[in-house]
Amino acid sequence: MHVLVIGSGGREHALAWALAASPLVERLSCAPGNGGIAAIATCVALDPIDSQGIIGFCRREKVEFVVVGPEGPLVGGLVDKLEAAGIAAFGPTAAAAALEGSKGFTKDLCARHGIPTAAYGRFRDIVQAKRYISERGAPIVVKADGLAAGKGVVVAQSIAEAEAAVDDILGGRFGSAGAEIVIEEFLSGEEASFFALVDGKNALSLASAQDHKTAYDGDRGPNTGGMGAYSPAPIVTETMAASIMDRIIRPTVAAMAAEGRPFKGVLYAGVMIGDDGPKLLEYNTRFGDPECQVLIPRLMSDALPAFMAARDGVLDRFHLRWHDKTALCVVMAAKGYPGDYMRGSVIGGLDDAAAIDDVLVFHASTKRDNGRILANGGRVLGITALGASVAEAQAKAYAAVDRVLWPDGFCRRDIGWRALQRHG
Ligand code: AMP
Ligand code: GLY
């Protein structure tokens, strides 16, 4: 089969790595891909939101299956357009991707179907939003309704901070993605990510993960797309995973089907685990990044038949095998990220890093230039290691990081600290 992956991050490198290993894949392409993906797939210079260009490529090159990585094209309806053109695609339709594209939609769905989540209100009007905040008090959480690249959420410690967030978001900071806001109850507990593969009716639990969102050690500094992750998350015991499936994932899949928006693809639940069980913080309708870089290396089964079964609606009785090991990923970013950073610095030592047993070097944004690898974005590499424990995976990952020769990059040195603390 000729398979096409859409996207250019570490997530897509991990997906391409798994697909390249499938005996079913004869040809692998990636649009647009990156310098690391280029070693295992043919990179095609197409924008993920250019659906006409992608359909044209699929027709010319006889692509038989498309795996869509990022949320933008999903919410934009790429899967709908591919399927309408007769090209099989893995991922939700635009109607189903509303679970990520509109926080208000998801909150209302939870309310209608009794899915546990924080109490909330939806607002378009600044005065009404502020009245709700003064009634509820702080801490309180203010969220832009639409896609805001992970920057649309303010966990406000005071009423003044919450009001400033309302002014900021409804004032137009995120454009139409912030024309409406959700204001919700602050939940305490420990956060984890939970992933399930969904075929419209059935959900198969994949695995759990935890990430580190802030730029600097000790979970300090500005928020980023994620500076590292590990899987499984120790807090998600088997009992907890079953509870997340029963209370959150399965009711959502049933609700979406009942409301005429059957969900197919990867459902990624951000959950807060507190004293009264798991509550949904948010949904994403795709693999997380860097979470995908720790989930995929643990998957023993061929990923392609699983993705095809999800697309075809035949996931019931499907079974996936997983390595028992822990995977831990350290993101290496360009100095200055998530603020301004330079592109084009030279990265060396990648083969040395990858030579360590059980280490995978995923590229998140690099390009090739005359045999050299150059940094080409903010988050640039994901160094993933498998180990018998979080401690072992962490030690291997940092041993590999130390072999990367990149003076213009940085990483956190404490990825996994919470899991290590939990298990001593
Ligand atoms: P979201 O994009 O909705 O997951 O929010 C981003 C981050 O904000 C989450 O990963 C949490 O750390 C935090 N957060 C979101 N909603 C809440 C809430 N209701 N209570 C506490 N923290 C929250
Ligand atoms: N790492 C968070 C995300 O992919 O949304």
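Further up the page is the structure itself.
Residues numbered from 1 in each chain as written. Chains lettered and ligands numbered in written order. Predicted model: local features only at pLDDT ≥ 70, side-chain atom pairs only at ≥ 80, totals over all residues. Heavy atoms only, no water.

Concerning the overall build of the protein chain
- Along the backbone of the protein chain there are 14 helices and 23 strands.
- In summary, the protein chain has a C-alpha radius of gyration of 21 Å against a globular reference of 22 Å for 424 residues, a match within 12%.
- Principal-axis analysis of the C-alpha atoms gives the protein chain an extent of 60 × 45 × 40 Å.
- Taking all 424 residues of the protein chain together, 57% fall into the buried category.
- Contacts spanning at least 24 positions in sequence make up 69% of the contacts within the protein chain whose residues lie at least 6 apart.
- Here the protein chain holds 43 positive side-chain charges and 49 negative ones, and the gap between their average locations is 2 Å. (Helix = DSSP H or I, 4+ residues; strand = E, 2+ residues; numbered from the N terminus. Rg over C-alpha atoms; globule rule 2.2 N^0.38 Å. Buried < 20%, exposed > 50% of the residue type's maximum accessible area, 1.4 Å probe, protein only. Contact = heavy atoms within 4.5 Å. Lys, Arg positive; Asp, Glu negative; His and termini not counted. Charge placed at Lys NZ, Arg CZ, Asp CG, Glu CD.)

Thoughts on the nonpolar core
- In this structure, Val3, Phe65, Leu197, Phe287 and Phe307 are the most contacted members of the largest nonpolar core, which totals 46 residues.
- At six residues, helix 11 (residues 303–312) tops the list of elements feeding residues into this core.
- Those residues in contact with Phe287, other than ones at most four positions away along the chain, are Arg11, Leu15, Phe195, Leu206, Val266, Tyr268, Cys292, Leu295, Ile296 and Phe307.
- One finds Val198, Ala241, Ile273 and Leu280 within the second-largest nonpolar core, a separate group that totals 31 residues. (Core = buried A, V, L, I, M, F, W, Y, C linked by side-chain atoms within 4.5 Å.)

Details of the sheet that holds strand 21 (residues 372–375)
- Read from one edge to the other, the open sheet built from three strands follows the order 18-21-20, with strand pairing classed as antiparallel. Each end of this open sheet is capped by a strand with a single partner; those strands are strand 18 (346–347) and strand 20 (366–369).
- Both strand 20 and strand 21 contribute to a ladder of four bridges, which runs antiparallel. Counterpart to Lys367 in the pairing with strand 21 is Leu374. (Pairing = 2+ DSSP bridges.)

As for the site of ligand 1
- Not every one of the 14 residues close to ligand 1 is listed here, only the nearest: Lys143, Glu184, Glu185, Leu187 and Glu191.
- Contact distances for ligand 1 include 2.8 Å between a nitrogen atom and a backbone N or O atom of Leu187.
- Within the side chain of Glu282, one N or O atom sits 2.9 Å away from an oxygen atom of ligand 1.
- Taking 470 Å² as the accessible area of ligand 1 by itself, protein coverage stands at 86%.
- Only strand 7 (140–144), strand 8 (153–156), strand 9 (181–185) and strand 16 (277–284) provide two or more residues apiece to the shell around ligand 1.
- Split by residue class, the shell around ligand 1 holds seven nonpolar, no polar and seven charged. (Near = heavy atom within 4 Å. Polar contact = N/O pair within 3.5 Å; in protein donor to acceptor, adjacent residues only side chain to side chain. Areas by Shrake-Rupley, 256 points an atom, 1.4 Å probe, with all protein chains shown as cover. Nonpolar A, V, L, I, M, F, W, Y, C, P; charged D, E, K, R; others polar.)

A few points about the site of ligand 2
- Around ligand 2 sit Asp211, Gly225, Tyr268, Asn284, Arg286, Gly288, Asp289, Pro290 and Glu291, and that is every residue in its neighbourhood.
- Note that an oxygen atom of ligand 2 is positioned 2.9 Å from one of the side-chain N or O atoms of Arg286.
- Considering ligand 2 on its own, with 200 Å² of exposed area, one finds that the protein chains cover 83% of that surface.
- Its residues placed into classes, the shell around ligand 2 shows two nonpolar, three polar and four charged.

Quick word on unusual backbone geometry
- Along the chain, Ser231 connects to Pro232 via a cis peptide bond; the corresponding omega equals -5 degrees.
- Counting through the fold element by element, Pro232 comes out in the loop between strand 14 (228–231) and helix 9 (238–258).
- Across the junction of Tyr337 and Pro338, the peptide omega takes the value 5 degrees, indicating a cis bond.
- When you line up the elements, Pro338 lands in the loop between strand 17 (326–334) and strand 18.
- Phi angles above zero are rare outside glycine, and Asp219 is one such case at about 55 degrees.
- In this fold, Asp219 is placed in the loop between strand 12 (214–216) and strand 13 (220–223).
- Residue Asp219 is classed as partly exposed on the basis of its relative accessible area of 26%.
- Even without being glycine, Asn370 reaches a positive phi, approximately 50 degrees.
- Relative to the elements of secondary structure, Asn370 occurs in the loop between strand 20 and strand 21.

Quick look at the pattern of salt bridges
- Taken as a whole and judged by the stated rule, the model has 26 salt bridges.
- One salt bridge connects Arg124 with Glu180, and the closest N-O pair in it is separated by 3.3 Å. Of this pair, Arg124 sits in the loop between strand 6 (120–123) and helix 7 (126–136) while Glu180 sits in the loop between helix 8 (159–170) and strand 9, and the two are 56 residues apart along the sequence.
- Ionic pairing is found between Asp168 and Arg173, a salt bridge with its closest N-O pair at 3.0 Å.
- Residue class for Asp168 comes out partly exposed when judged on its relative accessible area of 31%. (Salt bridge = Lys/Arg side-chain N within 4 Å of Asp/Glu carboxyl O.)

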